[in-house]
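# Survey of secondary and tertiary structure
For reference, the chains in residue letters:
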Amino acid sequence: MTRTITEVAVAVLTQPDDRVLLAQRPAGKPYAGYWEFPGGKVEPDESLDAALARELHEELGIVVARTCRWITRIFEYPHATVRLNFFRVFEWQGTPHPHEGQIFSWQRPDAVEVKPLLPANFPVLKALTLPPVLGISHAEAIGVDSFLARLDVALANGLRLVQVRDKTLPDEARLHLARETVRRAHLHGARVLVNGPLELARAAAADGVHLDSSVAASLNTRPDCQWVGVSCHDGAELAHAAALGADFALLSPVLPTLTHPGAATLGWPVFSSLAAASPIPVYGLGGLARDDVALARSHGAHGVALLRGAWT
């Protein structure tokens, strides 16, 4: 017998310092005492946006001012199967306070102190530690020394996620680039993923690997490392990345690029629908700049991935 899926609108209220609001489930409900993100069931004929606004007003007494669709995850509890439609909420009117007897707490996603957490929230909290900008290395074009100097500037200015690509460099030079990128990034608390074999990532002491779509397509299991990213170009590749257990995806090309001016692009409408349906966060790549984070988020992206734009 196929279970009916219960649609739920879920809010990730986010402070400027990146703390998010968690709520404790009240007595008398399944999983009473567990912590979760605020939200609730979508009523029949109610849109997700309307349900989110209603739930936040009823639960927290706030009026939502700016929401961004984020990810969608299906989770099977013993008592129900739910589709969790997540929204990032960055602006609201009023001060959140409990209207229905719950307890609330602002928490850092990378250091949650309240427990127990609902099981569905562990991958969500990990995803929320991903920064809004991802920089893709550009050493082949500008030289390794020049790239590393620009990397230092970018890290000092707040870049916290780097993909080492540069696949045409000789193996020894590529390992040196990866090791130096990791060493410099870790001084700033930034993460580095290597686009290449897991052995190279481990030799460089990187935080994980990034998989091109063709490499991801050949895999049935997740590489054994802390972080895994995947490059995707359509819904099927995005679904496979999620099935592999990847932590995030890059979806491209969103807009025309200088390097491929006549190539077909996804455009924002297609990108938005794919990102909203994805269970893992999606970065927009192609034709975007550092200043486009808010624009990308408004279309369901977690943030933007940049090649040249990260180092200028």
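In this report, we go over the structure that sits alongside the text. Quick caveat: nothing in here was measured; it's all calculated off a predicted structure.

### Points about the overall build of the protein chain
Summing up its helical and strand segments, the protein chain has 10 helices and 15 strands in all. Overall size of the protein chain, expressed as C-alpha extent along the three principal axes, is 60 × 40 × 35 Å. Put simply, the protein chain has 312 residues, and 50% of those count as buried. Across the protein chain, contacts joining residues at least 24 apart in sequence account for 63% of those joining residues at least 6 apart. Each charge sign in the protein chain was given a centre, from 28 positive and 32 negative side chains, and these centres are 3 Å apart.

### Considering the pattern of salt bridges
Considering all chains together, one arrives at 16 salt bridges under this definition. Taken together, the salt bridges that share partners define one network made up of Glu-46, Arg-54, Glu-55 and Glu-58.

### Some thoughts on the packing of helix 4 (residues 144–156) against helix 5 (residues 171–187)
It is the contact of helix 4 with helix 5, at a shortest axis distance of 10 Å, that shows an interaxial angle of 20 degrees. Considering their axes alone, helix 4 and helix 5 lie roughly parallel with respect to each other. Handedness of the crossing formed by helix 4 with helix 5: right-handed. Listed contacts from helix 5 to Val-144, Phe-147, Leu-148, Leu-151, Asp-152 and Leu-155 of helix 4 are His-176, Leu-177, Glu-180, Thr-181, Arg-184 and Ala-185. Looking at the contact of helix 4 with helix 5 residue by residue, the class counts come to 7 nonpolar, 2 polar and 3 charged.

### Concerning the packing of aromatic side chains
For the structure shown, the criterion picks out 9 aromatic pairs. With a centroid separation of 4.7 Å and 55 degrees between ring planes, the pair formed by Phe-75 and Tyr-77 is classed as tilted. Taken together, the aromatic side chains of Tyr-31, Tyr-34, Phe-75 and Tyr-77 make up a single cluster linked through ring pairs. Across from the ring centre of Phe-87, 5.2 Å away, lies the NZ or CZ of Arg-69, which sits over that ring.

### Focus on the nonpolar core
Counting residues in hydrophobic clusters, the biggest one holds 53 residues, and the most contacted among them are Leu-177, Val-230, Leu-251, Phe-271 and Trp-311. The element contributing the most residues to this core is helix 4, with 6 residues. If sequence neighbours within four positions are ignored, Phe-271 has contacts with Leu-251, Val-254, Val-282, Tyr-283, Gly-284, His-299, Gly-300 and Ala-301. Counting 22 residues, the second largest nonpolar core, distinct from the first, contains Leu-22, Trp-35, Val-124 and Leu-125.

### Looking at the sheet that holds strand 2 (residues 20–24)
Taken in spatial order, the 3 strands make up an open sheet running 3-2-7, and their pairing is antiparallel. Lying at the two open borders of the sheet, with one neighbouring strand each, are strand 3 (35–36) and strand 7 (103–107). In the sheet, strand 2 pairs with strand 3 via 2 bridges, with the strands oriented antiparallel. Residue pairing for strand 3: Gln-24 is matched across the bridge by Trp-35.

### Thoughts on the pairing of strand 12 (residues 227–232)
Of all the 6 residues making up strand 12, 6 are buried; the element is thus mostly covered by neighbouring parts of the structure. One crossover worth recording links strand 12 to the parallel strand 13 (residues 248–251) by way of helix 8 (residues 235–244), and it is right-handed.

### Some points on the sheet that holds strand 15 (residues 303–306)
Taken together, the 8 strands give a closed barrel; going around it, the order is 8-9-10-11-12-13-14-15, and neighbouring strands pair in parallel fashion. Within the sheet, the average angular offset between the axes of one strand and its neighbour, ignoring direction, is 25 degrees. Sheet analysis places strand 8 (residues 133–136) next to strand 15, joined by 3 bridges and oriented parallel. When the sheet's bridge partners are listed, Leu-134 is paired in strand 15 with Ala-305.

### Regarding the pairing of strand 1 (residues 5–13)
Pairing geometry for strand 1 and strand 6 (residues 81–93), over 9 bridges, is parallel. Across the sheet, residue Thr-6 finds its bridge partner in strand 6, namely Val-82.

### Quick look at unusual backbone geometry
Between Lys-115 and Pro-116 the backbone carries a cis peptide bond, its omega angle lying at 5 degrees. Position of Pro-116 among the secondary structure elements: in the loop between strand 7 and helix 2 (122–127). With an omega dihedral of -10 degrees, the bond running from Ser-252 to Pro-253 counts as a cis peptide bond. Mapped onto the elements of the fold, Pro-253 is located in the loop between strand 13 and helix 9 (267–277). One non-glycine residue with positive phi stands out, namely Tyr-31, at about 60 degrees. Inspection of the secondary structure puts Tyr-31 in the loop between strand 2 and strand 3.

### As for helix 8
Residues separated by three or four positions in an α-helix point in the same direction, a consequence of the helix having 3.6 residues per turn. Taken together, the buried positions of helix 8 are Leu-238, Ala-241 and Leu-244. Taken around the axis of helix 8, the buried residues stretch over an arc of 120 degrees, which confines them to a single face. Seen from the open side of helix 8, the exposed residues pointing more than 90 degrees away from its buried face are Ala-236 and Ala-243. The secondary structure elements touched by the buried residues of helix 8 are strand 11 (208–211), helix 7 (213–217), strand 12, strand 13, helix 9 and strand 14 (282–285). Measuring from the side-chain oxygen of the N-cap residue of helix 8 to the backbone nitrogen of Ala-236 gives 3.2 Å; that N-cap residue is Asp-234. Looking one or two residues beyond helix 8, the residue adopting positive phi is Gly-245, at roughly 90 degrees.

About the thresholds
Residues numbered from 1 in each chain as written. Predicted model: local features only at pLDDT ≥ 70, side-chain atom pairs only at ≥ 80, totals over all residues. Heavy atoms only, no water. Helix = DSSP H or I, 4+ residues; strand = E, 2+ residues; numbered from the N terminus. Buried < 20%, exposed > 50% of the residue type's maximum accessible area, 1.4 Å probe, protein only. Contact = heavy atoms within 4.5 Å. Lys, Arg positive; Asp, Glu negative; His and termini not counted. Charge placed at Lys NZ, Arg CZ, Asp CG, Glu CD. Salt bridge = Lys/Arg side-chain N within 4 Å of Asp/Glu carboxyl O. Axes fitted to C-alpha atoms, helices over the stretch in contact; angles between N-to-C directions. Parallel < 35°, antiparallel > 145°, perpendicular 65-115°, else oblique. Left-handed = near helix turned anticlockwise from the far one by under 90°. Nonpolar A, V, L, I, M, F, W, Y, C, P; charged D, E, K, R; others polar. Phe/Tyr/Trp six-rings, centres within 6.5 Å; stacked < 30°, edge-to-face > 60°. Lys NZ or Arg CZ within 6 Å of the ring centre and 35° of its normal. Core = buried A, V, L, I, M, F, W, Y, C linked by side-chain atoms within 4.5 Å. Pairing = 2+ DSSP bridges. Right-handed = clockwise from strand over helix to strand, strands pointing away. Arc of directions from axis to C-beta. Polar contact = N/O pair within 3.5 Å; in protein donor to acceptor, adjacent residues only side chain to side chain.

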